[in-house]
Amino acid sequence: MRKTLQKSVSVSGVGLHTGVPSTMTFNPAENGISFLRTDIPGAEPIAALAANVSSTLRGTNLKNATAEVWTVEHVLSALNALGITDVLVEMDGPEPPIMDGSSLLFAKAVQEAGIKELEENRPTLKINRKITYSSGNISYSAEPADKLTLSFEYIHNHPLVGRQTYTLELTPENYLKQIAPARTFGFEEELEFLKKHGLAKGGSLENAVVVGKDKFLNELRFPDELVRHKMLDLVGDLSLTAQNLPPLKIVCSCGGHKHNVIFAKLLLENSEDK
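Residues numbered from 1 in each chain as written. Predicted model: local features only at pLDDT ≥ 70, side-chain atom pairs only at ≥ 80, totals over all residues. Heavy atoms only, no water.

Attention shifts here to the overall build of the protein. Within the protein, the secondary structure is distributed over six helices and 17 strands. The C-alpha atoms of the protein give a radius of gyration of 18 Å, which matches the 19 Å a tight globule of 274 residues would have. Dimensions of the protein along its principal axes, counting C-alpha atoms only, are 55 × 45 × 35 Å. Burial analysis of the protein (274 residues in total) assigns 55% to the buried set. Counted over contacts in the protein with a minimum sequence separation of 6, partners at least 24 positions apart contribute 73%. Surface exposure of the protein reaches about 12100 Å², of which carbon and sulfur atoms provide 49%. For the protein, the distance from the average position of its 28 positive side-chain charges to the average position of its 33 negative side-chain charges is 3 Å. (Helix = DSSP H or I, 4+ residues; strand = E, 2+ residues; numbered from the N terminus. Rg over C-alpha atoms; globule rule 2.2 N^0.38 Å. Buried < 20%, exposed > 50% of the residue type's maximum accessible area, 1.4 Å probe, protein only. Contact = heavy atoms within 4.5 Å. Areas by Shrake-Rupley, 256 points an atom, 1.4 Å probe, with all protein chains shown as cover. Lys, Arg positive; Asp, Glu negative; His and termini not counted. Charge placed at Lys NZ, Arg CZ, Asp CG, Glu CD.)

What follows is the structure, encoded as C-alpha cells:
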C-alpha cells in the first residue's frame, strides 16, 4: 500500500554543503514524494525521480524548471526504508539540514508524525532476471531472491579504511538499528579541496566522521560505519525509481551517487512492467 504521514513534522539545521540554515517540513501527500522550495516565489514541487537528478557531486541533487534542492539522499533513504511513498517536503533553503550526518533523526521525525496507509497500491519493480552494471572497478547487480538484501563493499587506500563490507536484509527494523545511525564521512586531506569548490561549508565533527591521517577525528558508532553510510546513500538513491523494491539480492562494490542513480534507471528500464 502507498503510505504517507498522519500529520506534518519539521526539523531544522544547516545544510552540509551550502552551510545555509533551513527548516524542512514533512507534509502528508497523495502524489508521490516531492520537494518544494518555499523560499523561491513561484517554485513548483520537484518530484523525487531519477529523471530529475541534476548533480551527483558529493550528494544527490534534484531540479525542475523552477528550483533545485541539494543533498536529498539522507531524507530519501529514511522515507524509503520506512515505506513512505507520498510526502511533500517543504524547505525554506536549498538543502535539507544535515542534522547529525545520518538519517536517524529524519526517520524519528517520520515516526513521530505517524504513518498512514493510503487506499492505492504503489507499483513494484518486476525484475525477473539478473541485472548487472559496471564501470571500471565499480559494479552493481540485482537478481530475484526470497527477501530483499543489500550487500555493499567499500574500498579505499587509506590505511584506516581498507576494505569494508556489509550485508543486510532491508527491513524497517534492521535499517533503524544498523544503517540509519551511520553518518556521512570525509577525509581530512580533502577538506581544503571541498571548501575551495564551495562544498562542505556546513560540515563539522558534529555531523560527519572525519578520517585523519592516522586516526578518526571523532568516535565511530560502528567499526564499519563508513560502508554502512554508503548503504544508507544507496537506499536513498534507489528510491528515485518511485517504485517498491521486490525481494532482490542487490550487490554493490565501490558505488556512489552517480552510479547509484544510473543503476536505479537501469532497474526501471529492465522492469517487466515498464
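The next thing to look at is empty space enclosed by the protein. Inspection of the entire model under this criterion finds one cavity of 30 Å³ or more. Forming the walls of the largest cavity are L16, T71, H74, V75, E95, P96, P97, I98 and F106. Broken down by class, the residue content of the lining of the largest cavity amounts to six nonpolar, two polar and one charged. (1 Å grid on protein atoms, 1.4 Å probe; cavity = no way out; pocket = protein on both sides within 12 Å on 5 of 7 lines; lining within 4 Å. Points joined across faces, edges and corners; volume = space filled by probe spheres on them. Nonpolar A, V, L, I, M, F, W, Y, C, P; charged D, E, K, R; others polar.)

Evaluation of the coordinates by the stated rule reveals zero disulfides. Left unpaired, C252 is separated from the closest cysteine sulfur, that of C254, by 7.6 Å. Using a relative accessible area of 1% as the deciding quantity, one classes C252 as buried. (Disulfide = S-S within 2.5 Å.)

Looking now at the environment of N80. Among the structural elements, N80 can be located in helix 1 (residues 73-81). In sequence terms N80 and A242 are 162 residues apart; their C-alpha atoms lie 9.3 Å from each other. Setting aside chain neighbours within four positions, we find N80 in contact with V235, L238 and S239. Within the structure, N80 has its side chain in polar contact with the backbone oxygen of V235 (distance 2.8 Å). (Polar contact = N/O pair within 3.5 Å; in protein donor to acceptor, adjacent residues only side chain to side chain.)

On to the pairing of strand 9 (residues 87-91), then. In terms of burial, strand 9 is a largely internal element, four of the five residues being buried. Here strand 4 (residues 33-37) pairs with strand 9 via five bridges, running parallel. By the bridge assignment, S34 is partnered in strand 9 with L88. (Pairing = 2+ DSSP bridges.)

Taking strand neighbours across the sheet as the criterion, the three strands line up as 6-7-8 in an open arrangement whose pairing is antiparallel. Both outer strands of the open sheet, strand 6 (53-55) and strand 8 (68-69), are each paired with one neighbouring strand and no more. Across two bridges, strand 6 lies against strand 7 (residues 61-63) in antiparallel orientation. Bridged to S55 within strand 7 is N61.

Turning our eyes to something else, we now look at the side chain of S102. Tracing the sequence through the fold places S102 in the loop between strand 9 and helix 2 (104-113). Of note is the side chain of S102, whose polar atom sits 2.7 Å from the side chain of D100. There is a polar contact of 3.1 Å between the side chain of S102 and the backbone nitrogen of L104. Filtering out sequence-adjacent residues up to four positions away, S102 remains in contact with H74, A180, P181, A182, R183 and R221.

We now examine the nonpolar core. Within the largest apolar cluster, 74 residues are counted, with the highest numbers of intra-cluster contacts made by F26, F35, Y175, I250 and F263. Look past the residues within four positions of F35 in its chain and what remains in contact with it is E44, P45, I46, A48, L62, V69, V72, V75, L76, V89 and M91. (Core = buried A, V, L, I, M, F, W, Y, C linked by side-chain atoms within 4.5 Å.)

The next point concerns the environment of S271. Relative to the helices and strands, S271 is located in the segment after helix 6 (257-270). Remark: the alpha-carbon pair of S271 and K126, spanning 145 residues in sequence, is separated by 4.7 Å. What S271 contacts, discounting residues up to four positions off in sequence, is L125, K126 and I127.

All right, on to the sheet that holds strand 13 (residues 149-156) then. The pairing of strands in a sheet happens through backbone hydrogen bonds and is either parallel or antiparallel. Strands sit in the order 11-12-17-13-14 across an open sheet of five strands; the sheet is mixed. Taken across any chain shown, the strands that pair with only one partner, and hence form the sheet edges, are strand 11 (131-135) and strand 14 (162-169). Put simply, the sheet's adjacent strands are angled 5 degrees from each other on average, direction ignored. Pairing of strand 13 with strand 17 (residues 248-253), which is carried by five bridges, proceeds in the parallel orientation. Residue pairing for strand 17: S151 is matched across the bridge by V251. Running at roughly 125 degrees to strand 13, helix 5 (residues 225-238) makes contact with strand 12 (138-144), strand 13, strand 14 and strand 17 of the sheet. (Axes fitted to C-alpha atoms, helices over the stretch in contact; angles between N-to-C directions.)

So, to be careful, I would describe these as geometric facts and stop short of saying anything about function.
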